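# Breakdown of the fold
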Amino acid sequence: MNKAEAKTRILKLREALHRHNHLYYVKADPEISDFEFDLLLQELSTLEKKHPEFSDENSPTRRVGSDITTGFKQVAHAIPMLSLGNTYSREELEEFAERIRKNTGDPVEYVCELKYDGVAISLTYENGSLQRAVTRGDGIVGDDVTENVRTIRSIPLKLQGNDYPGKFEIRGEVIMPLDGFRKMNLEREKNGEQIFANPRNATAGTLKMQNSSLVAKRPLDCYLYAVATEDEIFSTHMESIQACDKWGFKVPPYNRVFKSLDDVFGYVDHWEKNRKELPFEIDGVVLKINSFDLQKKLGFTAKTPRWAIAYKFKAQQASTKLINVAFQVGRTGAVTPVANLEPVQLAGTVVKRASLHNADQINLLDLRENDTVFVEKGGDIIPKIVGADKEKRTSSAPPVRFITHCPECGTKLVRLEGEVAHYCPNNYGCPPQIKERIIHFISRKAMNINAAEATIDLLFREGLIQTPADLYKLSYNDLIRLERFAEKSSHNLLKSIEDSREVPFPRVLYALGIRYVGETVAKKLAAHFGSIDAIGKASHEALVAVNEIGDRIAESVINFFREDANTEMVESLRGAGLKFSVENGNTRLSEALDGQSIVISGTFRDISRDQLKQMIEENGGKNVSSISNKTSFLVAGENMGPEKRRKAQSLNIPVIDINEFLRMINQ
Ligand code: IVH
């Protein structure tokens, strides 16, 4: 394929992929299978790598994000991002309508929309191409989060049709649908990471992540609710939103136009009752005047438009009696307090338990035994206690205290510096920790051993397994005599255990259950060090030199290998034939850059940033985003910003060109 042919093919693939992306993520009506989509994407990606001269920041291949971290540029909004006046009362909605009637005299059309509970975003398009995505910030200046927003599949990178304005802004709300949010939290909990309290926090946290390739893995979505153009091409709000649909945006199917306030209340009632049926969270309804002429006439107060108002739903609350506080011990030994409550109806379900998070939370709530408490569906998911009814409390009621010793094994609990959780440090003697570790070990993404939790429980109670390594010592005779096992199920389990010996090293590493070492980190460590022995011997410096491995993970890895019980388990598993090194050799090519922190800046003619980054890692270095006094040197390409050069000079950090860099690693 010559250059011209490659260019034609690249453009064609991009167009097709944009279209299929829209069909899949916006219309939920795909024409081709995921497999076919991936094939096209792969072809495009290969061609783009071969022909960097045809690169395009809005290519569908950019949806995967990049791990070049940039910090966020502050950008002023061309039109300030105002907020909405809001109310919890119906009377105020009537007053709003009355004010408008007085002001205009005419009967008006209202648009009702849902009030999405996420993070506001402003997108700028030029000639049909996404140029910039900026958060609301303080309404005047926001953060440029374009790289992260590009990874949100339902946001078009290129618009469809040809009747969109040359340059315009569109605003909406980035949200995390509940399904994805719940899955993500489960995963985080399993990896011993802090879970997000609700989808809004998860969205805000995700948009502020420095590494867009991680953002790409988070299940974000976006609904649009306003178009801002210089030319007045629409006469109503609904018209503008319908145009967005045509241009390829995900437009909410929940918007309605009404002529009477009664109908507006009907909409409000409907969604207040049925909000839990939605696949995402809302915190109210927004009422807007449909006509742009009228909107103009009504204008703005200092902070909010006079032509719109938000009716916010009250948090769904109930009051009930606190029976007691139980303490649960997880895989990593973290102790979570859970309140047992007298069953109470709340937002369509019966609530019997509520999370109390940690000791700080109990103190903050100032809970007493036998309190009457208010429960809220925090983000409509896990009910939480938001306060106690102090009037119903007897003055002698003793405070609820966090336990000092493990409820399962009696060991004194510890609280690590800088952490909110209490831990039971008896990792190898505390029954729930042992069991949960084995359950993690056999899970699908780890060793994929086919056994139910109840089976692990039984094997543990029967004294057959104390560590994951004991699984490999089980025999047919051990199993067949147990209640749950027949001939077939015994063979099946043994076969599944046998098969797990073939699981590749990164998954074995993940299966070990080292705190903070989730799937991605396990892959990174395995690729960088190549074997468990190299990881076990790695110093703190060597560990943090791996891209994305910070102090917290490094410390956790080092602590893991300090424990004899862990190294014994590893040896035992090695004896059982598990894979403890990567196959096809090590990806380490040299030690030329060991321990060096390297900044890349500007663009390079023949090498992509990803390739350059890979070279740094293969030779033992770490690619970092910003210059600090810890930076070893900076590789400068074309168009490097003057600010970066100045900073490097002021900190006396060597600046080298790409040829010198290649010489360094090829020596
Ligand atoms: S219209 C001039 N429509 O609510 C203000 N906002 O307090 C235009 N929001 O920051 C906003 N759903 O992030 C509008 N359907 C909707 C919305 C919505 C959620 C958020 C938005 C804004 C906040 C207003």
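To be clear, the structure that these remarks concern was listed above.
Residues numbered from 1 in each chain as written. Predicted model: local features only at pLDDT ≥ 70, side-chain atom pairs only at ≥ 80, totals over all residues. Heavy atoms only, no water.

### A word on the site of the ligand
Cut-off, in case you're wondering: Near, as used in this document, describes a residue that has one of its heavy atoms within 4 Å of the molecule or strand being considered. What qualifies as a polar contact is a pair of N or O atoms within 3.5 Å, subject to a donor-acceptor requirement within protein and to the restriction that residues adjacent in sequence count only when both atoms come from side chains. Surface accessibility follows the Shrake-Rupley procedure with a 1.4 Å probe radius. Residue values consider only the protein chains on display as shielding. Only runs of H or I of at least four residues qualify as helices and only runs of E of at least two qualify as strands under DSSP, and these elements are numbered from the N terminus.
Surrounding the ligand, one finds 14 residues, the nearest of these being Glu-113, Leu-114, Glu-173, Tyr-225 and Lys-288. In this structure, Lys-115 approaches the ligand through a side-chain N or O atom, which is 3.2 Å from an oxygen atom. Measuring from a nitrogen atom of the ligand, one finds a backbone N or O atom of Tyr-116 at 3.1 Å. Protein chains shield 87% of the accessible area of the ligand, which is 530 Å² for the free molecule. For the shell around the ligand, the secondary-structure elements that each account for two or more residues are strand S3 (110-116) and strand S10 (282-289).

### Quick look at the packing of helix H12 (residues 431-442) against helix H13 (residues 453-461)
Here is the rule we go by: Throughout, an axis means a line fitted to C-alpha atoms (over the contacting stretch in the case of helices), and angles, computed between N-to-C directions, take values from 0 to 180 degrees. Working definition: roughly parallel below 35 degrees, roughly antiparallel above 145 degrees, roughly perpendicular at 65 to 115 degrees, and oblique for all remaining angles. The sense of a crossing depends on the near helix, which, turned anticlockwise from the far helix by less than a right angle, makes the crossing left-handed and, turned clockwise, makes it right-handed. Contacts are assigned to residue pairs with any non-hydrogen atoms lying within 4.5 Å of each other. Put simply, Ala, Val, Leu, Ile, Met, Phe, Trp, Tyr, Cys and Pro go in the nonpolar bin, Asp, Glu, Lys and Arg in the charged bin, and everything else, Gly too, in the polar bin.
In contact at an axis separation of 10 Å, H12 and H13 are set at 130° when each is read in the N-to-C sense. On the basis of the axis angle, H12 is oblique to H13. Between H12 and H13 lies a crossing whose hand is right-handed. For the pair H12 and H13, the contacting residues are Pro-431, Ile-434, Lys-435, Ile-438, Ile-439 and Ile-442 in the first and Glu-453, Ile-456, Asp-457 and Phe-460 in the second. For the contact of H12 with H13, the residue count by class is seven nonpolar, no polar and three charged.

### So, the pattern of salt bridges
Rule in force here: Salt bridge, as applied in this entry: a Lys or Arg side-chain nitrogen positioned within 4 Å of an Asp or Glu carboxyl oxygen.
In total, this model carries 41 salt bridges according to the counting rule given. Ionic pairing is found between Asp-457 and Lys-435, a salt bridge with its closest N-O pair at 2.7 Å. Residue Asp-457 is found in helix H13, and its partner Lys-435 is found in helix H12; the two are separated by 22 residues along the sequence.

### What about the nonpolar core?
To be explicit about the condition: We call a set of buried residues a nonpolar core when its members are Ala, Val, Leu, Ile, Met, Phe, Trp, Tyr or Cys and they connect through side-chain atoms within 4.5 Å of each other. Per-residue accessibility, obtained with a 1.4 Å probe over protein chains only, is compared with the maximum for each type, and a residue is labelled buried under 20%, exposed over 50%, and partly exposed between these values.
Grouped together as the largest cluster of nonpolar side chains are 56 residues, with contacts concentrated most on Phe-441, Leu-471, Tyr-472, Leu-512 and Leu-525. Excluding its chain neighbours within four sequence positions, the residues that come into contact with Tyr-472 are Phe-441, Met-447, Ile-449, Ile-497, Ser-500, Arg-501, Leu-573, Ala-576 and Leu-578. Ranked by size, the runner-up nonpolar core spans 34 residues in total, among them Val-149, Phe-234, Phe-249 and Val-251.

### Some thoughts on H13
Residue pairs spaced three or four apart in an α-helix point in one direction, given the helix's 3.6 residues per turn. The complete set of buried residues in H13 reads Thr-455, Ile-456, Leu-458, Leu-459 and Phe-460. Packing partners of the buried residues in H13 comprise H12, helix H14 (476-480) and helix H15 (487-499). Positive backbone phi, approximately 75°, marks Gly-463, located one or two places after H13.

### Digging into the packing of aromatic side chains
Going by this rule: Whether two aromatic rings pair depends on their centres lying within 6.5 Å, for rings of Phe, Tyr and Trp, where Trp uses its six-membered ring; planes under 30 degrees apart make the pair stacked, over 60 edge-to-face, and the rest tilted. By the criterion adopted, a ring carries a charge over it if an Arg CZ or a Lys NZ lies within 6 Å of its centre and within 35 degrees of its normal.
Considering all chains together, one arrives at 18 aromatic pairs under this definition. On the numbers, 6.2 Å between centres and 50° between planes, the contact of Phe-234 with Trp-247 is tilted. Linking Phe-234 in the loop between strand S8 (221-228) and helix H8 (237-247) with Trp-247 in helix H8, this pair joins segments that are 13 residues apart in sequence. Taking the relative accessible area as the measure of exposure, Phe-234 reaches 17% and is therefore buried. Residue classification places Trp-247 among the buried residues on the basis of a relative accessible area of 1%. For the pair Tyr-311 and Phe-313, a centre-to-centre distance of 6.3 Å together with 75° between the ring planes defines the contact as edge-to-face. Per residue, the accessibility class of Tyr-311 equals that of Phe-313, and both read buried. Members of the aromatic cluster, joined through ring pairs, are Tyr-116, Tyr-223, Tyr-254, Phe-258, Tyr-267, Trp-271 and Phe-280. Taking the ring centre of Tyr-428 as reference, the NZ or CZ of Arg-437 above it sits at 4.5 Å.

### Focus on the state of the cysteines
Going by this rule: The disulfide definition used here is simple: a pair of cysteine sulfur atoms within 2.5 Å.
Inspection of the entire model under this criterion finds zero disulfides. Cys-112 forms no disulfide, and the closest cysteine sulfur to it belongs to Cys-244, at a distance of 19 Å. The exposure class assigned to Cys-112 is buried, which follows from its relative accessible area of 0%. Of all cysteine sulfurs, the one in Cys-244 lies closest to Cys-222, which takes part in no disulfide; the gap is 11 Å. Classification of Cys-222 as buried rests on a relative accessible area of 0%.

### A short note on the sheet that holds strand S2 (residues 86-87)
Operational definition: Here a strand pair is declared whenever DSSP counts at least two bridges between the two strands.
The sheet built from five strands is open, its strands ordered S2-S11-S10-S3-S9 with mixed pairing. With one partner strand each, in any of the chains shown, S2 and strand S9 (256-258) form the two edges of the open sheet. Note: S3 against S9, three bridges, orientation antiparallel. By the bridge assignment for S9, Tyr-110 is matched with Phe-258. Against the sheet, helix H3 (residues 90-104) engages S2, S3, S10 and strand S11 (308-312), with an angle of about 170° to S11.

### Overview of the pairing of strand S13 (residues 334-346)
Bridging between strand S12 (residues 317-329) and S13 involves seven bridges; their strand directions are antiparallel. For Gln-328, the partnering residue across the bridge sits in S13 and is Thr-336. Between S12 and S13, which follow one another and run antiparallel, lie four residues, and Gly-333 among them has a positive phi close to 90°. Relative to strand S18 (residues 422-423), S13 runs antiparallel, the two being bridged by two bridges. Bridging from a neighbouring strand, Val-335 pairs with His-422 of S18. Direction of pairing for S13 relative to strand S14 (residues 349-355): antiparallel, over a ladder of six bridges.

### Examining the environment of Gly-602
As for its position among the elements, Gly-602 is in the loop between strand S19 (597-601) and helix H22 (609-618). Residue class for Gly-602 comes out buried when judged on its relative accessible area of 11%. The spatial distance from the C-alpha of Gly-602 to the C-alpha of Lys-644 is 9.7 Å, given a sequence separation of 42 residues. Apart from the residues lying within four places of it in its own chain, the contact partners of Gly-602 are Arg-609, Gly-637, Glu-638, Asn-639 and Met-640.

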